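Spelled out from the first residue to the last, the chains are:
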Amino acid sequence: MDSRTHDALCRPARIAPPPRRTGVVLLSASLWLLTAMSVSWLCFLVGMTALWGAAAGAPVGGFLLRCSAVLCGGAGMIVAVCRAPAVRRMSGDVRSLLLGALVCPVPLVLAIAAFSTM
């Protein structure tokens, strides 16, 4: 038997990765980009408010505690959804799209409302 034939028949099977869905990936990336931009704007706004409040001598501990509690609560809910068995069975790009669609609206609406009141 030819050595190339023997190698082709006896090597371990390689499983082909599933094809990428470009539309799903682009939509997911745009949702996560909007989420990241709005969360970074809100973090900047909270930080500047806390800094100005501290400079004015106002107590800012409760304000920062509430903001961090909301952030931790939201992150906990996203982790709980991500760990659900139905979501874990999804492919990676569809899972990312679903989580991006769940995460995006709240910080985006809050960032737009905060930006429009300025």
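To start, this report covers the structure provided alongside it. (Residues numbered from 1 in each chain as written. Predicted model: local features only at pLDDT ≥ 70, side-chain atom pairs only at ≥ 80, totals over all residues. Heavy atoms only, no water.)

**Things to note about the overall build of the protein chain**
1) Next: Each helix and strand counted, the protein chain has 6 helices and 0 strands in total.
2) Next: When the helices and strands of the protein chain are placed in sequence order, the string is α-α-α-α-α-α.
3) Next: Whereas a compact globule of 118 residues would reach a radius of gyration of roughly 13 Å, the protein chain reaches 23 Å, over 25% beyond that.
4) Next: Each principal axis of the C-alpha distribution contributes one length, and for the protein chain these read about 85 × 25 × 25 Å.
5) Next: Here the protein chain holds 118 residues, and 15% of them are scored as buried.
6) Next: For the protein chain, the share of sequence-separated contacts (at least 6 apart) that also reach a separation of at least 24 residues comes to 66%.
7) Next: By element, 74% of the accessible surface of the protein chain is carried by carbon and sulfur atoms, the whole surface being about 8,800 Å². (Helix = DSSP H or I, 4+ residues; strand = E, 2+ residues; numbered from the N terminus. Rg over C-alpha atoms; globule rule 2.2 N^0.38 Å. Buried < 20%, exposed > 50% of the residue type's maximum accessible area, 1.4 Å probe, protein only. Contact = heavy atoms within 4.5 Å. Areas by Shrake-Rupley, 256 points an atom, 1.4 Å probe, with all protein chains shown as cover.)

**Here's the deal with the state of the cysteines**
1) Next: Taken as a whole, this structure holds 0 disulfides when the rule is applied.
2) Next: With no disulfide of its own, C104 has C43 as its nearest cysteine by sulfur position, at a separation of 15 Å.
3) Next: Classification of C104 by relative accessible area gives buried; the value is 5%. (Disulfide = S-S within 2.5 Å.)

**Re the environment of S116**
1) Next: Along the chain, the position of S116 falls in helix α6 (residues 105-116).
2) Next: Taking the C-alpha atoms as reference points, S116 and A86, separated by 30 residues in sequence, lie 38 Å from one another.
3) Next: Polar side-chain contacts of S116 include one of 3.1 Å to the backbone oxygen of A113. (Polar contact = N/O pair within 3.5 Å; in protein donor to acceptor, adjacent residues only side chain to side chain.)

**Some remarks on the packing of helix α2 (residues 22-56) against helix α3 (residues 61-82)**
1) Next: Following both chains from N to C, one finds α2 and α3 inclined at 165 degrees, their axes separated by 10 Å at the closest point. Compared by their axis directions, α2 and α3 come out roughly antiparallel. Seen from above, α2 lies across α3 with left-handed handedness. For the pair α2 and α3, the contacting residues are V46, T49 and A50 in the first and F63, L64 and C67 in the second. (Axes fitted to C-alpha atoms, helices over the stretch in contact; angles between N-to-C directions. Parallel < 35°, antiparallel > 145°, perpendicular 65-115°, else oblique. Left-handed = near helix turned anticlockwise from the far one by under 90°.)

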